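If you want the building blocks of each chain, they are given just below.
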Amino acid sequence: MLILLAACGSDDTANGNGSKLEQLQESGTVTIGFANEAPYAYEENGELKGAAVAIAETVFAELGIDTVESQLSDWSQLIPGLQAGQFDVITAGMAIQPDRCENAAFSEPTMQYGEGLIVEAGNPLGLESYKDIADNPDATVVVMEGATEIGFLQEEGVDPSQIVTAPDIPATFSAVQSGRADATTGTEMTVKMALESANTDALEFVESFEQPDIKGVPSYGAEAFNLNDADLRDAYNEKLAELKEDGTIADLLDENGFSSESNFVPVDEVTTEEVCNGEV
């Protein structure tokens, strides 16, 4: 199910209809854009689930906005959809990146995570890092369209000709299983859980994978808002900080397949401003 992007949205604040926060509080409903990527945000039996979803729903409830309307979109279309007014917010565990900060207003980090690698069972090429892929010109890696891993691979020396893309995680797995690619990569929790769900012996998660020592790893995931909705983002951040301090966010991470020890980002330990400026 893909949501087709509509034409550009209007600036209701400029038209005198109140701030975005006031509009959502009056309606009691927020529209969230997400991509089907467990355990961050995904659809199961018609219900929106995942750690990023649980965090967003909890914060918005604190703001007096109790109803969530979800819209599934291709990952590469999440920010364009946000800019077009298709969504009020994106909740997909999306990594904060300087270039993305130019197109969306990110909340403070809600989680942190590393990378993972999936290969054919037995790992015939012995791939244990991105550099191993770079060192083997015959190796091909498939990545989800628009994912940060494309840039990570290139920074580690992987030639663009070795990288192919697919629309979603299942399609990347299919490419490896069919022999069209030798490996696929994504955030560690995503590919590990996707492999468990795939229930196949044809692929394996590389337990010995060496995390790339580059800017952007670990990644810091956050909700993303339209650049015109700074008031909504700021109000969200205020409640998010309170829920971090009282342990709610750590509990939500634990309940949704993450770890409060390795994936939780304490208040002010790393700020979105620092990540956007390239300081982290």
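What you see is a predicted model, and the numbers here were worked out from it, not measured in a lab.

## Focus: the nonpolar core
Next, step 1: Membership of the largest hydrophobic core comes to 50 residues, with the highest contact counts inside it found for Leu78, Ile90, Phe106, Leu117, Ile133 and Leu153.
Next, step 2: Counting contributing residues per domain, this core is built from domain 1 (27-112 + 218-277) and domain 2 (115-205), each supplying no fewer than three.
Next, step 3: For Phe106, the contacting residues outside a window of four places in its chain are Met94, Ala95, Ile96, Arg100, Cys101, Ala222, Glu223, Ala224, Arg233 and Thr272.
Next, step 4: Counting 32 residues, the second-largest nonpolar core is a separate cluster that includes Tyr236, Leu240, Leu243 and Ile249.

## Some remarks on the environment of Cys276
Next, step 1: On the secondary structure map, Cys276 appears in helix H11 (residues 272-276).
Next, step 2: For the pair formed by Cys276 and Glu188, sequence separation is 88 residues and the distance between their alpha carbons is 22 Å.
Next, step 3: Leaving out residues up to four positions away in the same chain, Cys276 has contacts with Ile96, Pro98 and Cys101.

## Observations regarding the domain arrangement of the protein
Reports often express the size of an interface as the amount of accessible area lost when the parts come together.
Next, step 1: Along its sequence, the protein is carved into domain 1 (27-112 + 218-277) and domain 2 (115-205).
Next, step 2: For domain 1 versus domain 2, the separation of C-alpha centres amounts to 26 Å.
Next, step 3: At the boundary of domain 1 with domain 2, the tally comes to zero salt bridges.
Next, step 4: Linking domain 1 with domain 2 are four residue pairs in polar contact (both at pLDDT 80 or more).

## So, the UniProt feature "domain: Solute-binding protein family 3/N-terminal" (unreviewed entry) in the protein
Next, step 1: In the numbering used here, UniProt assigns the feature "domain: Solute-binding protein family 3/N-terminal" (unreviewed entry) to residues 29-260.
Next, step 2: As a span, residues 29-260 carries 34% helix and 22% strand, and end to end its C-alpha atoms are 29 Å apart.

## As for the sheet that holds strand E6 (residues 105-106)
Next, step 1: The strand order across the open sheet built from five strands is E4-E1-E5-E14-E6, with neighbouring strands paired in mixed fashion. Looking at which strands have only one partner, the edges of the open sheet turn out to be strand E4 (67-72) and E6.
Next, step 2: Note: strand E5 (residues 89-90) against strand E14 (residues 224-225), two bridges, orientation antiparallel. Counted as the bridge partner of Val89 is Phe225 from E14.

## Details of the packing of helix H2 (residues 51-62) against helix H9 (residues 230-245)
Next, step 1: Contact geometry for H2 and H9: axes closest at 9 Å, N-to-C directions at 105 degrees. By the angle class used here, H2 and H9 are roughly perpendicular. Where H2 abuts H9, its residues Ile55, Ala56, Thr58, Val59, Phe60 and Glu62 lie against Leu232, Tyr236, Lys239, Leu240 and Leu243.
Next, step 2: For the contact of H2 with H9, the residue count by class is eight nonpolar, one polar and two charged.

The rules behind each value
Residues numbered from 1 in each chain as written. Predicted model: local features only at pLDDT ≥ 70, side-chain atom pairs only at ≥ 80, totals over all residues. Heavy atoms only, no water. Core = buried A, V, L, I, M, F, W, Y, C linked by side-chain atoms within 4.5 Å. Buried < 20%, exposed > 50% of the residue type's maximum accessible area, 1.4 Å probe, protein only. Domains from an automatic or database assignment. Contact = heavy atoms within 4.5 Å. Helix = DSSP H or I, 4+ residues; strand = E, 2+ residues; numbered from the N terminus. Salt bridge = Lys/Arg side-chain N within 4 Å of Asp/Glu carboxyl O. Polar contact = N/O pair within 3.5 Å; in protein donor to acceptor, adjacent residues only side chain to side chain. UniProt positions renumbered as here; feature names shortened; annotations may be inferred. Pairing = 2+ DSSP bridges. Axes fitted to C-alpha atoms, helices over the stretch in contact; angles between N-to-C directions. Parallel < 35°, antiparallel > 145°, perpendicular 65-115°, else oblique. Nonpolar A, V, L, I, M, F, W, Y, C, P; charged D, E, K, R; others polar.

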